[in-house]
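Residues per chain are reported as follows:
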Amino acid sequence: MINRFGNWVREGQIWGSIFRHGVPRDRRTRAMAILSNVFLHLHPVAIRKSSIRLSFTWCMGGITFFLFLVEIVTGVLLMFYYRPTVEYAYFDIQGLRAHVTLGLLRELHRWGAHAMVITIWLHMLRVFLTGSYKPPREFNWSIGVILLVLTLLLSFTGYLLPWDQLAMWAITVGSNMARATPGAGSEGPLSAFIQIGGVPLVHAGDDARFGLLAGTFVGPNALLRFYVLHCVFIPCVVTVLLAVHFWRIRKDGGVSGPL
Amino acid sequence: MDSILAASSTLDSVKHFINVACEPHWFLIISVLAFFIFLIGYRTWTKPIVAGTVSALATLFFLASCADTNFAKIVTKADNVPIVIMMVTVSFLLWLAFRQAAINDERMEKGEPLIEAGADDKVLVWPDLVYSELIALVLCTALLIVWAIILRAPLEQPADPNVAPNPAKAPWYFLGLQEMLVYFDPWLAGVVFPGLIIVGLLAIPYIDKNPRGNGYYTFKERKFAITTFLFGFVILWVVLIIFGTFLRGPNWNFFGPYEFWDPHRPAALLNTEFHDLFWVNTLGRPLPGHYLIRELPGIVLLGAYFMLGPVIMKWLFFRKISRDIGFIRYSVLCVLILFMLLMPIKMVLRWTLNLHYIVGITEWFLNV
Ligand code: HEM
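The shown structure was predicted, so the numbers you read here are calculated from the model rather than taken from an experiment.

Chemist: I keep staring at the overall build of chain B and nothing clicks. Help me out?
Modeler: Of regular secondary structure, chain B possesses 13 helices and 3 strands. Here the C-alpha coordinates of chain B stretch approximately 75 × 70 × 50 Å along the principal axes. Buried residues in chain B amount to 45% of all 368 residues. The long-range fraction of contacts in chain B, counting pairs at least 24 apart against all pairs at least 6 apart in sequence, stands at 69%. Total accessible area on chain B is roughly 19,200 Å²; 73% of this is exposed by carbon and sulfur atoms. Charged side chains of chain B number 27 positive and 27 negative; the gap between the two group centres comes to 8 Å.

This is how it looks when you write it as structure tokens:
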């Protein structure tokens, strides 16, 4: 009965228009299943046995990607509840905790972010220890390093948004460093030499820290700036780089293995 | 009664011993020793029996420690749980990697095929990979949801620019850098070192010209590369994060794992400058008036470190490597390694001589 219903669905026009291949039961249809699906075709059709052993890749790249997707989904949902202004930010989060049904959004988003930082390190560790950055994969390692930096920046910009004491002071500690940028921070080495006729060009009102915070302290402008970076700019860049990363895995001959 | 008292005082002395062993210098010295023992003895300790016993003991130790309120309070703080998870996963996966490396190295010596051998055996992605991915997806989703249900995301008091918490900590993944602030000025710890870490990571594939060990686990064929990378990752990154999270309390003071975080403990640090050591203590003269002359000894010392370092390292260890990778790659490698080693060197100088700055041109904010 169920079988017959299943067959009826699979033979109908709707199913056939979505999946242009038969049930993946033989080599040809299984290959078609991968090739004719935009998401699955990130994969090759066939893959080395050693590459899919869990103890080789630890699935860490995949888990990192999974966590990135979790962050996108929960992040978009959080944006429905959150306004990035000093008046509302904290109380929106508080309201989210108190009133939203099944309020796990913030938990999923926060722990997912922490987990992603850990899994990306572990992924890098795996890639290093299997020597998978060696030719022809040098460039993909470089893409990976940029992804790592961006992931940390995503986490860092997101840290400010709850606008509680923890958030504000962690970002204060972090962004104070920018003040010390050589030649570009008001308290950085050599900055004092950058001047015209005795007027210093690098001071607290225009240095690297000011650029980061849009002000001389962690205030409303910093909140807005971090919000836009966190929700729009960095995720977009990461998405593009991920496309390159995955494309290059295929082009470099798939997950590495002994030659 | 007596025996209970005796037991509790032994317990206290054990705790005291561990508290002392966790002081910055002991903690790092023990970590570094463990690190090298780990690398040298990788074929022995990675055996499942040894590794299993060690991890069982570590788990026991951890659980027993949770009976101590000060310990439990820090470890179970919601935002610290990820770091405990990180410690467990990093240790487990390092074991997994070195276990496979040990097996592969042994097989290569005997001329047997590697674990990863059979590169031409291919399987279809549907179903073999797609289904594993589905299972991983379901498992990870379940784990994350359980984690989210058990632990609430913390929310502290509303931000108040006038009330600074003590300690004010950076996000946990940057705590290694914050720990470096103890030893270096922000321009190094917060700007130059992170920049060099990124540059160094980017440079790895272009410096490492060793064609072996591509696509399989091995230690024997890549000893230098793996040791250097892991020293940076495990000791200077992960261990410092653990240290910064669990052992740094109010005023960034050190607190042992079983100590109460007392905000009133004073920070008693009397630091010495290198220029004092040189001019006053050694030569017995007053400090020269001009800061460039005053700092000349430190500048010469640092200059020698970066100019002679590569030459000495070449004589001592890198004859073959420097020949293999050429002048430019070797120079980049040396600069990166010398900067990396600057961290532990400065730490040791601080612990032994209380050294504050090697070069201290405070007039320019240029302090090393
Ligand atoms: C958002 C972050 C990242 C995601 C989602 C990601 C995802 C992936 C995935 C799914 C793979 C396939 C094999 C595997 O799972 O291990 C992979 C391979 C690879 N990744 Fe990443 N990655 C990320 C960051 C990085 C970083 C930080 C590095 C290195 C610094 C890196 C370097 C590489 C290299 C070289 C490969 C090819 C490995 C091989 O052929 O064995 N990736 N990545």
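Read on, since the account is not over.
Chemist: Sorry, what's going on with the coordination of the iron atom of the ligand here?
Modeler: Six octahedral donors around a metal ideally sit at 90 or 180 degrees from one another, while four tetrahedral donors ideally sit at 109.5 degrees. Residue and element names in this part refer to chain A. At the metal site, the iron atom of the ligand is ligated by H123 (NE2) and H245 (NE2), and these contacts range over 2.0 to 2.1 Å. Geometry at the iron atom of the ligand is octahedral, judged from its 6 donor atoms and the angles of 86 to 179 degrees they form at the metal. Here H123 is found in helix α7 (residues 105-129), whereas its partner H245 is found in helix α11 (residues 220-251), with 122 residues between them in sequence. We note that H123, like H245, is buried.

Chemist: What should I look at first to understand the packing of aromatic side chains in this one?
Modeler: Remark: the centre distance and the inter-plane angle together describe each pair of aromatic rings, the angle taken between the planes. Within the structure shown, the criterion is met by 42 aromatic pairs over all chains. Look at F56(A) and Y217(B): their rings are 5.7 Å apart centre to centre, the planes differ by 75 degrees, and that puts the pair in the edge-to-face class. Highlighted residues: F56(A) in helix α4 (residues 54-57) and Y217(B) in the loop between α9 (186-207) and α10 (223-246), drawn from two different chains. With a centroid separation of 6.4 Å and 55 degrees between ring planes, the pair formed by F128(A) and W141(A) is classed as tilted. With F128(A) in helix α7 and W141(A) in helix α8 (residues 138-160), the pair connects residues that are 13 residues apart, well separated along the chain. With respect to burial, F128(A) and W141(A) carry one shared label: buried. Taken together through their ring pairs, the aromatic side chains of W121(A), F156(A), F226(A), W172(B), Y173(B), F174(B) and W237(B) make up a single cluster. Its end group placed over the ring of Y88(A), R83(A) keeps NZ or CZ at 3.8 Å from the ring centre. In this arrangement the basic side chain of R222(B) is found over the ring face of F128(A), its NZ or CZ atom lying 5.1 Å from the centre.

Chemist: It is not clear to me how the domain arrangement of chain A should be interpreted in this structure. Could you clarify?
Modeler: By a frequent convention, interface size equals the accessible area lost on bringing the separate parts together. Per the domain assignment, the segments making up chain A are domain 1 (1-46) and domain 2 (47-251). With centres defined by C-alpha atoms, the gap from domain 1 of chain A to domain 2 of chain A works out at 38 Å.

Chemist: Any chance you could explain the site of the ligand here in plain terms?
Modeler: Residues and elements named next belong to chain A. If you check the shell around the ligand, you find 24 residues, and the closest are H123, R126, G144, H245 and S256. H123 has a polar side-chain atom sitting 2.8 Å from a nitrogen atom of the ligand. The element best represented in the shell around the ligand is α7, accounting for 6 residues. Among the residues making up the shell around the ligand, the classes are represented as 12 nonpolar, 10 polar and 2 charged.

Chemist: Can you help me understand the packing of helix α5 (residues 60-79) of chain A against α11(A) in this one?
Modeler: The relative placement of two packed helices is expressed as an angle between their axes plus a distance between the axes. All names here are of chain A. At a minimum axis distance of 12 Å, the contact between α5 and α11 shows a crossing angle of 150 degrees. Comparing their axes, α11 and α5 come out roughly antiparallel. Our pair here, α5 against α11, has a crossing hand that is left-handed. Contacts from F65, F68 and M79 in α5 reach Y227, C231, P235, V238, T239, L242 and F246 in α11.

Chemist: Looking at this model, I keep getting lost on the nonpolar core. Mind explaining?
Modeler: For soluble globular proteins, nonpolar side chains are generally found buried alongside one another. W121(A), W141(A), M86(B), W172(B), F229(B) and L230(B) are the most contacted members of the largest nonpolar core, which has 151 residues in total. Every residue in contact with W172(B), bar those within four places of it in the chain, is listed here: H114(A), V117(A), I118(A), W121(A), Y159(A), P82(B), I83(B), M86(B) and I241(B). Judged by nonpolar contacts, the second largest core, of 9 residues, contains A33(A), I47(A), V123(B) and L129(B).

Chemist: What exactly am I supposed to notice about the environment of P286(B) here?
Modeler: Looking at the secondary structure, you find P286(B) in the loop between α11 (274-282) and α12 (291-316). C-alpha of P286(B) to C-alpha of E106(B): the two residues are 180 residues apart in sequence and 63 Å apart in space.

Chemist: What am I meant to see in the pattern of salt bridges here?
Modeler: Close approach of charged atoms allows side chains of opposite charge to pair. Residues and elements named next belong to chain B. By the definition in use, this model includes 12 salt bridges over all chains. Taking the shortest distance from any N to any O, the salt bridge between E109 and K220 comes out at 3.0 Å. One end of the pair, E109, is in helix α6 (residues 81-110); the other, K220, is in the loop between α9 and α10, with 111 residues separating them in the sequence. Note that E221 is salt-bridged to R212, the shortest N-O span being 2.2 Å. Under the relative-accessibility criterion, E221 is labelled buried at 18%. Linked by salt bridges that have partners in common, R43, E109 and K220 make up one network.

Criteria and cut-off values
- Residues numbered from 1 in each chain as written.
- Chains lettered and ligands numbered in written order.
- Predicted model: local features only at pLDDT ≥ 70, side-chain atom pairs only at ≥ 80, totals over all residues.
- Heavy atoms only, no water.
- Helix = DSSP H or I, 4+ residues; strand = E, 2+ residues; numbered from the N terminus.
- Buried < 20%, exposed > 50% of the residue type's maximum accessible area, 1.4 Å probe, protein only.
- Contact = heavy atoms within 4.5 Å.
- Areas by Shrake-Rupley, 256 points an atom, 1.4 Å probe, with all protein chains shown as cover.
- Lys, Arg positive; Asp, Glu negative; His and termini not counted.
- Charge placed at Lys NZ, Arg CZ, Asp CG, Glu CD.
- Donors = N, O, S within 2.8 Å, 3.2 Å for Na, K, Ca; no water.
- Tetrahedral: all angles 85-135°; square planar, octahedral: opposite > 155°, others 65-115°.
- Phe/Tyr/Trp six-rings, centres within 6.5 Å; stacked < 30°, edge-to-face > 60°.
- Lys NZ or Arg CZ within 6 Å of the ring centre and 35° of its normal.
- Domains from an automatic or database assignment.
- Near = heavy atom within 4 Å.
- Polar contact = N/O pair within 3.5 Å; in protein donor to acceptor, adjacent residues only side chain to side chain.
- Nonpolar A, V, L, I, M, F, W, Y, C, P; charged D, E, K, R; others polar.
- Axes fitted to C-alpha atoms, helices over the stretch in contact; angles between N-to-C directions.
- Parallel < 35°, antiparallel > 145°, perpendicular 65-115°, else oblique.
- Left-handed = near helix turned anticlockwise from the far one by under 90°.
- Core = buried A, V, L, I, M, F, W, Y, C linked by side-chain atoms within 4.5 Å.
- Salt bridge = Lys/Arg side-chain N within 4 Å of Asp/Glu carboxyl O.

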